[in-house]
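# Examination of the molecular architecture
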Amino acid sequence: MDEHQKAKFVRRIGGRRPYQRVGKIAAGSTAVAGVYYVAHLEQTPITKRYRFCTVSADESKKKAAAAYKRILEEFQDEDKVVSEHSATHKRVMAIATRLIKAAEHEPALERTLSNLQLDWVVHVIQSSKVNAFVLPGGQIFVYTGLIDFIGKEDDGLAMVLGHEMTHALLRHGAEQATLKTIFYSVETLILGAIWFMIPSDIIAYLLHKTETYLFQAVTELPYSRKLETEADAVGLQIASWACYNPEAAPLVWEMMDNYAKAMGTDSSNLRYFSTHPTHETRVEDLTKQLDHAWEEISWRCPTTKFIKDVRPAMEAAQKQRMEGIASQYRAQVAELEDNIHKVEINKKRAKQQQNEEKVQSYEQKLRKYRQRLKTIKEKQQAPGLPTQ
Ligand SMILES: [Zn+2]
């Protein structure tokens, strides 16, 4: 390399000390990233938790408005929206209004509410699913399955609504969207680096295949659990400000736990991969928060005279639900046992006729029925299910 070429090369790699340039770029990027991070750092109301959130309230609201339109239209097309004149709608509306008013009276939420400008609306959906959700724009959807599940006490429903409303108030959706963006950016960088070192299609394919799983295991699931726990705690507070009986909160989750176990979707088996904290953890956490909730009630509610014992009615609703499930299982067992008996007779006959093909097809059927029977009998062992 002659002097001229050398000078050209040095110029190309960015001066006599290229590492200085790399250092400057690195320092510059870190500073920019730092400023960006700090600029998007915000504090949650009530829990005062610092979090990084790149999605603005306006952005979430716009997205939520589109989602709301789509979801509502879907329910309307299926004719599932319960009339606003119905007693059920009026009941849910009254509970939601009481919670919203309590939140509006709370000084700690004043700024949040004026920033978010939530459009609180309530829709009751005709569906047997035990479910409710609130969109980031404040639109509340409650399924009749949940209303039936909880029974006649409003307090239980208030706890679920308080929890769901908290997701909107604390902008949990925006927080999760931010997390997703960060994860995929970092993942793309890592993927790019690996691709650069080992340019193999198989590795790229495998990484691409596992990304959703990785995202859930590393970030989404533990993070959602954290947000769920926060929604439980704040939801309980909001319901207490509205003078609902806080004892209903652990009761609701206890009911859900028993229900999940009876239906064979016991979340403790999925402790690690469940988006929600296990029901038992929830019950424990909420029980610990009861003293604080009663304290809030004692100086916020003019009287505790109207706060009634919700346990009997909620337990009665639970008992009824459990009896329903148990009798369903009994009917299924009887039907399967009857089918097994019939197929066994047919199999015997086929054997006598030495029809091997038929024997095999009956055996296949028997295996299927017996497997189903085993599954139902296991479900029948769930705690909380009456045996007879
Ligand atoms: Zn939730």
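Small disclaimer: the values here were computed from a predicted structure and weren't measured.

## Some thoughts on unusual backbone geometry
With a phi close to 60°, aspartate 79 is a non-glycine residue in the positive phi region. With respect to the secondary-structure elements, aspartate 79 resides in the loop between helix H3 (57-77) and helix H4 (87-104). For aspartate 79, a count of 7 C-beta atoms within 10 Å puts it in the exposed group. Positive phi values are uncommon outside glycine, yet cysteine 243 reaches one of about 65°. Take cysteine 243: there are 20 C-beta atoms within 10 Å of it, and that puts it in the buried class.

## Here's the deal with the environment of lysine 261
Note on placement: lysine 261 falls in helix H10 (residues 248-262). Distance from lysine 261 to alanine 382, taken between C-alpha atoms, is 5.9 Å for residues 121 residues apart in sequence.

## Side note on helix H13 (residues 311-352)
With 42 residues, H13 ought to run about 62 Å at 1.5 Å a step, and its terminal C-alpha atoms sit 61 Å apart, in line with that. Buried positions along H13 lie against helix H6 (144-150), helix H7 (154-169), H10 and helix H14 (356-379). Glutamine 354 occupies a position one or two residues after H13 and carries a positive phi of about 55°.

## Digging into the confidence of the model for the chain
Caution applies to low-pLDDT regions: their predicted coordinates should not be interpreted in detail. Per-residue confidence for the chain averages 85 on the pLDDT scale, and 90% of its residues sit at or above 70. For the chain, helix H1 (residues 3-12) is the element with the lowest average pLDDT, namely 58, and strand E3 (residues 121-125) is the one with the highest, namely 97.

## Description of H3
Compared with the 30 Å implied by 1.5 Å per residue over 21 residues, the 30 Å span of H3 between its first and last C-alpha is a close match. Positive phi appears at aspartate 79, one or two residues downstream of H3, with a value of about 60°.

## Looking at the nonpolar core
Ranked by size, the top nonpolar core spans 61 residues in total, and within it Leu99, Val142, Leu161 and Val252 carry the most contacts. Setting aside chain neighbours within four positions, we find valine 142 in contact with Val92, Val124, Ile125, Ala132 and Ile147.

## Remarks on the environment of asparagine 115
Checked against the element boundaries, asparagine 115 lands in helix H5 (residues 107-116). Between the alpha carbons of asparagine 115 and aspartate 58 there is a distance of 9.0 Å; along the sequence they are 57 residues apart.

## Remarks on the pairing of E3
Within a regular beta strand, the side chains point alternately toward one face of the sheet and then the other, so they alternate between its two faces. Burial analysis of E3 places 4 of its 5 residues in the buried class, which makes it a mostly covered element. Relative to strand E5 (residues 139-143), E3 is paired through 5 bridges, and the arrangement is parallel. Note on E5: the bridge partner recorded for histidine 123 is phenylalanine 141.

## Quick notes on the packing of H7 against H10
Contact geometry of H7 with H10 gives a least axis separation of 9 Å together with a crossing angle of 85°. With respect to H10, the element H7 is oriented roughly perpendicular. In contact with Asp155, Gly156, Met159 and Val160 of H7, H10 contributes Ala248, Ala249, Leu251 and Val252.

Calculation criteria
Residues numbered from 1 in each chain as written. Predicted model: local features only at pLDDT ≥ 70, side-chain atom pairs only at ≥ 80, totals over all residues. Helix = DSSP H or I, 4+ residues; strand = E, 2+ residues; numbered from the N terminus. Buried ≥ 20, exposed ≤ 12 C-beta atoms within 10 Å, placed from the backbone. Expected span 1.5 Å × (residues − 1). Contact = placed C-beta atoms within 7 Å. pLDDT = per-residue confidence, 0-100. Core = buried A, V, L, I, M, F, W, Y, C linked by C-beta atoms within 7 Å. Pairing = 2+ DSSP bridges. Axes fitted to C-alpha atoms, helices over the stretch in contact; angles between N-to-C directions. Parallel < 35°, antiparallel > 145°, perpendicular 65-115°, else oblique.

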